[in-house]
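# Summary of structural features
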Number of protein chains: 2
Amino acid sequence: MPRKYHAVLAAAGELFMRQGYAAVSMDAVAKAAGVSKATLYAYLPGKDALLEAVVADRCAQMAERVGAVAVHDVALAESLRLLADSWLRFLLDPRSLRMYRMVIAESPRFPDLARRFFEAGPARGAAFITGWITEEQRLGRFRPELDPKVTTGHVSSLIRGDLFNRVVLGIEQPGEERIAGAVAATVEVLLRAFAVQPQPEA
Amino acid sequence: MPRKYHAVLAAAGELFMRQGYAAVSMDAVAKAAGVSKATLYAYLPGKDALLEAVVADRCAQMAERVGAVAVHDVALAESLRLLADSWLRFLLDPRSLRMYRMVIAESPRFPDLARRFFEAGPARGAAFITGWITEEQRLGRFRPELDPKVTTGHVSSLIRGDLFNRVVLGIEQPGEERIAGAVAATVEVLLRAFAVQPQPEA
DNA sequence: GTCTATATTTAGATAGAC
DNA sequence: GTCTATCTAAATATAGAC
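Residues numbered from 1 in each chain as written. Chains lettered and ligands numbered in written order. Predicted model: local features only at pLDDT ≥ 70, side-chain atom pairs only at ≥ 80, totals over all residues. Heavy atoms only, no water.

As recorded in an unreviewed UniProt entry, chain A goes by TetR family transcriptional regulator and comes from Humitalea rosea.

A separate point is the overall build of chain A. A tally of regular secondary structure across chain A gives ten helices and zero strands. Moving toward the C terminus, one meets the helices and strands of chain A in the order α-α-α-α-α-α-α-α-α-α. In chain A, of all internal contacts separated by at least 6 residues, the share reaching a separation of at least 24 is 70%. Just so you have it, chain A exposes about 9,100 Å², and 54% of that area is on carbon and sulfur atoms. (Helix = DSSP H or I, 4+ residues; strand = E, 2+ residues; numbered from the N terminus. Contact = heavy atoms within 4.5 Å. Areas by Shrake-Rupley, 256 points an atom, 1.4 Å probe, with all protein chains shown as cover.)

Turning next to the protein's contact with DNA strand C. By nearness alone, 18 residues border DNA strand C, and A:Ala38, A:Thr39, A:Tyr43, B:Met26 and B:Lys37 come closest of all. Within 4 Å of the protein, atoms of DNA strand C come from sugar and phosphate in 60% of cases. Residue A:Arg3 places a side-chain N or O atom 3.5 Å away from a phosphate oxygen belonging to DNA strand C. In this structure, a phosphate oxygen belonging to DNA strand C sits 2.9 Å away from a side-chain N or O atom of B:Lys47. (Near = heavy atom within 4 Å. Polar contact = N/O pair within 3.5 Å; in protein donor to acceptor, adjacent residues only side chain to side chain.)

Every one of the 19 residues lining DNA strand D counts as a neighbour, but A:Met26, A:Lys37, B:Ala38, B:Thr39 and B:Tyr43 are closest to it. At the protein interface, 60% of the atoms of DNA strand D within 4 Å belong to sugar or phosphate. The separation between a phosphate oxygen of DNA strand D and a polar main-chain atom of A:Val24 is 3.4 Å. Note that a phosphate oxygen of DNA strand D is positioned 3.0 Å from one of the side-chain N or O atoms of B:Lys4. When contributions to the surface near DNA strand D are tallied by element, the ones reaching two or more residues are helix H2 (26-33) and helix H3 (37-43) of chain A together with helix H3 (37-43) of chain B. Residue contributions to the surface near DNA strand D peak at four residues, all from H3(B).

On to the UniProt feature "domain: HTH tetR-type" (unreviewed entry) in chain A. This chain's UniProt record puts "domain: HTH tetR-type" (unreviewed entry) on residues 2-62 of chain A. Helix makes up 75% of residues 2-62 of chain A and strand 0%, whereas the separation of the span's terminal C-alpha atoms amounts to 23 Å. (UniProt positions renumbered as here; feature names shortened; annotations may be inferred.)

Every contact between the two is made by 41 residues of chain B and, on the other side, 41 residues of chain A. Here chain B and chain A share an interface that buries about 3,400 Å² over both sides, 63% of which is from carbon and sulfur atoms. Seen at the junction of chain B and chain A, the total is twelve residue pairs in polar contact (both at pLDDT 80 or more). Of all the elements, helix H9 (residues 148-168) of chain B adds the most residues to the side of chain B that touches chain A, at twelve residues. (Buried area = accessible area lost by both parts, 1.4 Å probe.)

What follows deals with the environment of A:Thr130. Residues and elements named next belong to chain A. Within the secondary structure layout, Thr 130 lies in helix H8 (residues 122-138). By relative accessible area, Thr 130 is classed as buried at 16%. Sequence separation between Thr 130 and Thr 152 is 22 residues; the distance between their C-alpha atoms is 5.6 Å. Setting aside residues up to four positions removed in sequence, Thr 130 forms contacts with Pro 148, Lys 149 and Thr 152. At 2.6 Å, the side chain of Thr 130 and the side chain of Thr 152 are in polar contact. (Buried < 20%, exposed > 50% of the residue type's maximum accessible area, 1.4 Å probe, protein only.)

Right, here's the structure in full:
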């Protein structure tokens, strides 16, 4: 699939993410990609296939960007802060938000698409956090009796927090301090819930 | 706005929630409501206004259904379990999920709609939880140094948990035990993070 | 592979009778 | 208020030349 195929995927992706699948016409995609409509149909059998190709492409890109900062050679509080900070910022990235909105919206009609997104994004993030937890348990800083996978769900939910839900809905557009503040508050909770020796607050 | 107005809102709501705004035609709404298209335009100036009316209507309904179970005359663990269980089940209700998906999808193009949804749903739930926390603090069972509003974000995030994210994407369709298990695991974390006297596990 | 031009269907919206 | 019938624009998809 040659020359302009990448331009088509990029243009279609941009439009689908911003306006939603149903609201985007093949004309609009062709125009944005600088291609004729007939070329679209030379590449792909139809609009559904275009969406699937776009999401597969974006998932591959996302899979490379996923991954928080894992550090273990500092105090647990700082290690948690770096993990939470990097992961939350990834979630709040406009690309992540647009992808999330679009996939959520179409998941009832395109379940495969939702699963692919989940595997490329949330599942990879979860696997990363599970690894981080396991290592911290080995270091004796994270409660050893907890199941790493179950705990990953709790940790990731706290990191995402209320802020993500508000931003997804456009209720809030957080600045630098807001994000840092949310992370700091979350770290306090994480320490109380998961650290071997609960540390007193400042 | 007389006789068939309710039927129009109900039919349009059902279609918008299930298929998304852009994918639903006015013809489809008219047919589903048992009404001619001209009648739609007698009620409302256009499709956008129909969406806004639908969401306003559903938000009013939702505002009545919102509200978890608040109990304070049992042990904190049981009180937490009831709160988490009722709230999570509300979130996982198909009506909640469809509304959430649709509003998320359209929030970039209809920010007012997202805000109305937020006020009718998540904000009311948060206010409820904040009240619950304040009462538990008064009873001396919930850590008194914590800010109730900030803590509400942490509590609600943990209740929602990983399960909600998976269900929204259609990754998982939880049965009774799955929900109960998720609630139980969450309660353990909530106790460690927020109870005045961390209780030993079973 | 890529284009222009077009076929066909369906969209949102309205006129006018009752 | 409610209908049938219809207008106009825009949608998905394709034919056929290069």
